[in-house]
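Structural features, examined
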Amino acid sequence: MTTSDQYMLLDEKVLDDLRRVSTATLHTALFKRGLRNTYIQGVNRINNKKVKMVGQAFTLRYIPAREDVDTVEAFKSPVHPQRLAVETVPAGMVLVSDCRQDASAASAGSILLSRLEYRQCAGFVSDAGIRDCDDASDMNMPIFCAKPSAPTNLTKHHAVDIQVPIGCGGVAVNPGDVLVGDGDGIIVIPLEIAEEVAEQAIAMELYEDYVLEKVRAGSKVIGLYPPNPETLEEYNNQKA
């Protein structure tokens, strides 16, 4: 690992391992550790392609908008937190927006999302809507949001902070935490245990591949998943 100003940056091997496993497996691995609230609620992938998202979190926090400050003029400020986030999120990280699960307005549109893709952002996540969804859905960068939403974010969302702890879809996200997204949604992995969870998930999926092969050949699930001692011995012998 290397270090940023606030947190450790994961080795590429760990990120590669996480690209090989599903969010369903990761949720089970975290559940076994006692972590139950790791799945971002109400957010889905909008890409037409089956893109996988893996990256550490770069966070953006919003509060409810107020008409006297949230005007189009606000976007002219060079330190507007939304604009600043788009221009400072490091390549390979995921921009995560906390919009209080209010999808009645967008949190980004095709211009900002295209800028993020050009800057090699690993993904965009918001528990609000996005606008220009027809164009955004054709992008290669993974995009997860609540739904399409035409209204500008200024109508509901006032950007106040970047790189602070946030909540997204009911889940706590700290800067540097790891987000993994696929067709089932997004799992948030605390940075401190990400490497261990990746290793555990790889082992779990190898066993599940074995289970699927047995089930498709007619085996019963009881005693196989989860395994009884005989099944586990058979699997370990086959793996060896």
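Residues numbered from 1 in each chain as written. Predicted model: local features only at pLDDT ≥ 70, side-chain atom pairs only at ≥ 80, totals over all residues. Heavy atoms only, no water.

Note that the residue after Tyr-225, namely Pro-226, is joined by a cis bond; omega there is 5 degrees. Its location among the elements puts Pro-226 in the loop between helix H6 (194-216) and helix H7 (229-239). Positive phi, normally seen in glycine, also occurs at Gln-101, with a value near 60 degrees. When you line up the elements, Gln-101 lands in the loop between strand E5 (93-98) and helix H4 (110-118). Here Asp-132, not a glycine, exhibits a phi torsion of approximately 60 degrees, which is positive. Tracing the backbone through its elements, the reader meets Asp-132 in the loop between strand E7 (129-130) and helix H5 (133-136). (Helix = DSSP H or I, 4+ residues; strand = E, 2+ residues; numbered from the N terminus.)

Pairing between side chains of opposite charge can happen when their charged atoms approach one another. Summed over all chains, the structure comprises 11 salt bridges. Here Arg-33 makes a salt bridge to Glu-196, at a shortest N to O gap of 2.9 Å. Remark: Glu-196 occurs in helix H6 and Arg-33 occurs in the loop between helix H2 (23-32) and strand E3 (44-45); sequence separation between them is 163 residues. According to the relative accessible area criterion, Arg-33 is partly exposed, its value standing at 36%. Look at Glu-196 and you get partly exposed, because its relative accessible area is 44%. One salt bridge connects Arg-100 with Asp-102, and the closest N-O pair in it is separated by 4.0 Å. On the accessibility criterion, Arg-100 (31% relative accessible area) is partly exposed. Taken together, the shared-partner salt bridges in this structure form one network comprising Glu-12, Asp-16 and Arg-19. (Salt bridge = Lys/Arg side-chain N within 4 Å of Asp/Glu carboxyl O. Buried < 20%, exposed > 50% of the residue type's maximum accessible area, 1.4 Å probe, protein only.)

Moving on, we come to H6. With 23 residues, H6 ought to run about 33 Å at 1.5 Å a step, and its terminal C-alpha atoms sit 32 Å apart, in line with that. For H6, every residue scored as buried is listed here: Ala-194, Val-197, Ala-198, Ala-201, Ile-202, Met-204, Glu-205, Tyr-207, Tyr-210 and Val-211. Structurally, H6 contributes buried residues whose contacts are with helix H1 (12-19), H2, strand E13 (178-182), strand E14 (185-189) and H7. Gly-218, located one to two residues past H6, shows a positive phi value of around 110 degrees. (Expected span 1.5 Å × (residues − 1). Contact = heavy atoms within 4.5 Å.)

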